[in-house]
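# A look at the structure
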Amino acid sequence: MKKYDVTGIGNALVDIEFKVTDQFFTDNSVEKGLMTLVDEERQNHLMKVINHAEAKKQAGGSAANTVVAVSQFGGKSYYNFRVAADELGLFYLKDLIDSGVEIALSEDKLEAGVTGKCLVMVTEDSERTMNTFLGITQNFSTNDINDSAIRESKYLFIEGYLVTSPNGKEAMMHAKKVAEEAGTKVALTFSDPAMVKYFKDNFDDVIGPSVDLLFANEEEAMLYTGKDNLMEAREEMKKSAKHFVITQGKNGAMIFDGDTFIDIEPYKTTAIDSNGAGDMFAGAFLYGITNGHSYASSGKLASMASSQIVSQFGPRLKWHQAKEILGRLNP
């Protein structure tokens, strides 16, 4: 028996979410719809010109959102990350612990530095644009990984954003090796089209012959495979992953369970904020397959959960919402 359902590795960022207009992007030379890495000076400038009144702050990062989701549905999750000994670092620790995620870091183990921040800017069309200052998380390395937690997990979940640095890529490959030697399955998310576009070779190195489970959206799947339509892309992805999920936004998702493709229906909703939808889908899906649900049932749970996320502001469910969604899956 494994102690954890999912152990994640990824960036630790305090998400600070704002509502903005398209004109804001034009005025401040922000590329809409992508995650862009920025320095602290640039991020501080944007924060000064954004309306702080409606800001929402919480512990984030792609994989962090996913392991929190696993916990909220009743699973057992663990997270490997790095934050600094500053106000936001302490906030991050408390938020993860309050979310039921096990961690190795404690206040007395934090190093001097600046905790990473992600400005999440959401427009009226519900699209999210992120400008990220990594801070101390850019130094995330194999030293920040608890190998024992990986060995004691059913799944290792690897965040794609880590491919941007040599030490991050090394950490990804180390964690994958530890998992494979321990019989822990490996799941990877591409995280963002920009990661696939600019770091495809790094992903090839991390994936190696294959991963057990790969998460991608339509654009990422086509970018990675070099195909210009989804049907060809999904066939090509069989070469890189034993199982995979391709999310399709308002059109639901498709899952390859190792033998056949399963179409997952979307749930009607009014989208106001797409931030965290993919992270939630991955978290709900991983909870499902590590807790006795089929791929189809797990996909249904993930679709319900992500439709709830896009209908509200912020990338997380409330605890009662997770319980209610599980109730709808198992009436």
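This section reports on the structure supplied with the text. Note that the coordinates shown come from a computational prediction; the quantities given were computed from them, not determined experimentally.

## A few points about the sheet that holds strand E4 (residues 56–60)
Taking strand neighbours across the sheet as the criterion, the 5 strands line up as E3-E7-E6-E2-E4 in an open arrangement whose pairing is mixed. The outermost strands of the open sheet, each flanked by one partner alone, are strand E3 (35–37) and E4. Neighbour-to-neighbour, the strand axes of this sheet turn through a mean angle of 25 degrees, independent of strand direction. Where helix H2 (residues 40–49) meets the sheet, it contacts strand E2 (13–19), strand E6 (116–122) and strand E7 (128–133), and its direction lies at approximately 40 degrees from that of E6.

## Some points on the nonpolar core
In terms of nonpolar packing, the biggest core is built from 61 residues, with Phe 73, Tyr 92, Phe 285 and Leu 286 touching the most fellow members. If you tally residues by element for this core, the top one is helix H10 (residues 277–289), at 8 residues. Counting 43 residues, the second-largest nonpolar core is a separate cluster that includes Ala 171, Val 178, Phe 190 and Ala 221.

## So, the sheet that holds strand E1 (residues 4–9)
The strands that make up a sheet pair up through hydrogen bonds in the backbone, lying either parallel or antiparallel. Reading across the sheet, the 8 strands line up as E5-E1-E8-E9-E10-E11-E12-E13 and stay open at both edges, with mixed pairing between neighbours. This sheet does not close on itself; its edge strands, each paired only once, are strand E5 (77–80) and strand E13 (261–264). Neighbouring strand axes in the sheet, compared pairwise and without regard to direction, differ in orientation by 20 degrees on average. Those strands touched by helix H8 (residues 218–225) are strand E10 (211–217) and strand E11 (241–247), and its axis lies near 115 degrees from that of E10.

## Here's the deal with the packing of aromatic side chains
Per the stated rule, a full pass over the model turns up 13 aromatic pairs. For the ring pair Tyr 79 and Phe 81, a centre distance of 5.5 Å and an interplane angle of 15 degrees mean the geometry is stacked. Owing to a relative accessible area of 1%, Tyr 79 belongs among the buried residues under this scheme. Using a relative accessible area of 3% as the deciding quantity, one classes Phe 81 as buried. Note on Phe 285 and Tyr 295: the rings are 5.6 Å apart at their centroids and 75 degrees apart in plane angle, and the pair reads as edge-to-face. One end of the pair, Phe 285, is in helix H10; the other, Tyr 295, is in helix H11 (residues 295–310), and 10 residues separate them in sequence. A network of ring pairs unites the aromatic residues Phe 157, Phe 215, Phe 285 and Tyr 295 as a single cluster. Over the face of the ring belonging to Phe 91 we find Lys 57, whose NZ or CZ atom lies 4.8 Å from the ring centre. Lying over the aromatic face of Tyr 224, Lys 200 brings its terminal NZ or CZ to 4.6 Å of the ring centre.

Cut-offs applied
Residues numbered from 1 in each chain as written. Predicted model: local features only at pLDDT ≥ 70, side-chain atom pairs only at ≥ 80, totals over all residues. Heavy atoms only, no water. Pairing = 2+ DSSP bridges. Helix = DSSP H or I, 4+ residues; strand = E, 2+ residues; numbered from the N terminus. Axes fitted to C-alpha atoms, helices over the stretch in contact; angles between N-to-C directions. Contact = heavy atoms within 4.5 Å. Core = buried A, V, L, I, M, F, W, Y, C linked by side-chain atoms within 4.5 Å. Buried < 20%, exposed > 50% of the residue type's maximum accessible area, 1.4 Å probe, protein only. Phe/Tyr/Trp six-rings, centres within 6.5 Å; stacked < 30°, edge-to-face > 60°. Lys NZ or Arg CZ within 6 Å of the ring centre and 35° of its normal.

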